Amino acid sequence: MLFNLLSSAYLSDTLEPIAKWLTIGIVAAILIGYLITFLVNKDLSKVFIKKSAIGFIFYALALGIFLLILEISKKFDVAYLEENWVSLDVIKYVLVPLLVTLSVALVGGITLFVLVKNQSPLTKKVTAIFGLILVVCLIVTLVLIGIHFSNNINGDGYYTGEDANLNPTALYVFAGVLIVATVTIALFLGRNDKKPFDTHCIALAGICASLSFALSYIKLWDMPTGGSVTLVSLLPVMLFSYIYGTKKGLLVGFLYGVLQAVQDPWLIHPAQFLLDYPIAFSMVCFAGVLTDLKLLDKVPQVKFTLSAIIAGALRFFCHVLSGVFAFGAYAVDAGATNFWVYSLIYNSYVFIDIALVVAAGCILLSSKAFNREIEKLNPDSFSKQDIA
């Protein structure tokens, strides 16, 4: 009995709902406190919201780290895997490679942060080295996921059954095309961004990715076969892309996608993994697609809304492709005859997620103080008109 109470699976399943409602309660308290102080003293309300925001960031980061540790422990819990009919091979072929890839990304980010801060001449070389190692780790991860697919899923009669219509060729083609297209377009849109990742940018990237990851645990509801609507978990990474543009946003989106794969690995095929995680969440970089559009400088809320919708629609498209060509078995179980229609309807939850992000983002961007901070972070892209 004591072992069950102390098991990582039990703790995770017990504490996650508590964390969700605690966080919702904290957000509600902050909003109520801000409203009260605003009605009493506007200057006091500015101080209150600034200190509350800083406090919430630290709370969310600590919560995210704690929940990640629990989640990893649960995924390595043999009893939990057996109880949920998950092959133990998932540990060495999926979880360990993902954690190694994530660790390389985090260590590389911290190392580059220190080098940039100290203006080291080794920065470019170290960036190239870590970039190469990260690519190798990702390739090895995909190969191992492929081995896991061959050993445990291929020919299982469910995902790969005749009616399920799993299509590896289509998955590889769409994943490859989307990778090339996303990287090419993101770099093209960010071609005028000549500034390297400076200290502030790297620090903010880490904070935004971590905040998004922490908020992704605060699920308003889970979808039955994967996916969830969260408490504006994409807002931090989308704001980062909005501030710094698509080129820098691409890296943060990729990192967040790997974090999502570690948190909730719903993996049956290497190309499906790419579509549902790194590619899908790299699409948040397009929240910066209108960053340099001066026409909308005076209405940052509109600029962010349009950008967020574009990014959300592209993420939605990735999940739809995965649903059609990898998870057809779920459509069969639901009695659907058209995989495209089923996937389009099922994955439409993404737009609820984006609607919440847009609402929260517009509230933030309605603050002149917040816009002033944005202008300080990237003065080349945000003119004084933003805060007029």
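Residues numbered from 1 in each chain as written. Predicted model: local features only at pLDDT ≥ 70, side-chain atom pairs only at ≥ 80, totals over all residues. Heavy atoms only, no water.

> Would you explain the overall build of the protein in this entry?
Check the secondary structure of the protein and you find 16 helices and two strands. Put simply, 75% of the contacts in the protein that link residues at least 6 apart link residues at least 24 apart. Just so you have it, the protein exposes about 19000 Å², and 71% of that area is on carbon and sulfur atoms. (Helix = DSSP H or I, 4+ residues; strand = E, 2+ residues; numbered from the N terminus. Contact = heavy atoms within 4.5 Å. Areas by Shrake-Rupley, 256 points an atom, 1.4 Å probe, with all protein chains shown as cover.)

> Could you clarify how one ought to interpret the pattern of salt bridges in this entry?
Oppositely charged side chains can pair when the atoms bearing their charge come close. Applying the stated rule across the entire model yields two salt bridges. One salt bridge in this structure joins K219 and D222, with 3.7 Å as the shortest N-O distance. Classification of K219 by relative accessible area gives buried; the value is 16%. (Salt bridge = Lys/Arg side-chain N within 4 Å of Asp/Glu carboxyl O. Buried < 20%, exposed > 50% of the residue type's maximum accessible area, 1.4 Å probe, protein only.)

> Would you mind going over helix α6 (residues 123–152) with me for this structure?
Each full turn of the α-helix corresponds to 3.6 residues, which orients residues three or four apart in the same direction. Here α6 contains 30 residues, and its C-alpha end-to-end distance of 42 Å stays within 8% of the 44 Å for a straight helix at 1.5 Å per residue. Every buried residue belonging to α6 is among T123, V126, L134, C137, L138, T141, L142, I145, G146, H148 and F149, and all of these are buried. (Expected span 1.5 Å × (residues − 1).)

> Looking at this structure, I do not really get the side chain of T305. What am I missing?
Along the chain, the position of T305 falls in helix α12 (residues 300–325). Under the relative-accessibility criterion, T305 is labelled buried at 19%. Discounting residues that sit within four places of it in the chain, T305 has contacts with V358 and C362.

> Would you explain the environment of L178 in this entry?
The topology assignment puts L178 in helix α7 (residues 168–189). For L178, a relative accessible area of 12% gives the class buried. Once the C-alpha coordinates of L178 and I279 are considered, the two residues, 101 residues apart in sequence, prove to be 7.4 Å apart. Leave out the neighbours within four places in its chain, and L178 touches L275, I279, M283, F317, C318 and L321.

> Explain a positive patch on the surface to me, please; I cannot follow it from the model alone.
Residues K42, K46, K368 and R372 make up a contiguous surface patch of positive charge. Those elements that place two or more of their residues in the positive patch are α3 (42–75) and α16 (368–377). For K368, the location among the structural elements is in helix α16. (Patch = residues over 30% accessible without salt bridge, like charges linked within 9 Å, V, L, I, M, F, W, Y side chains within 5 Å. Lys, Arg positive; Asp, Glu negative; His and termini not counted. Charge placed at Lys NZ, Arg CZ, Asp CG, Glu CD.)

> Just to check I follow, could you spell out a nonpolar patch on the surface for this structure?
A contiguous nonpolar surface patch, about 770 Å² in accessible area, is contributed by I32, Y34, L35, I36, F38, L39, V40 and I49. Of the residues forming the nonpolar patch, the biggest block, seven residues, is contributed by helix α2 (residues 8–40). Relative to the elements of secondary structure, V40 occurs in helix α2. Under the relative-accessibility criterion, V40 is labelled exposed at 65%.

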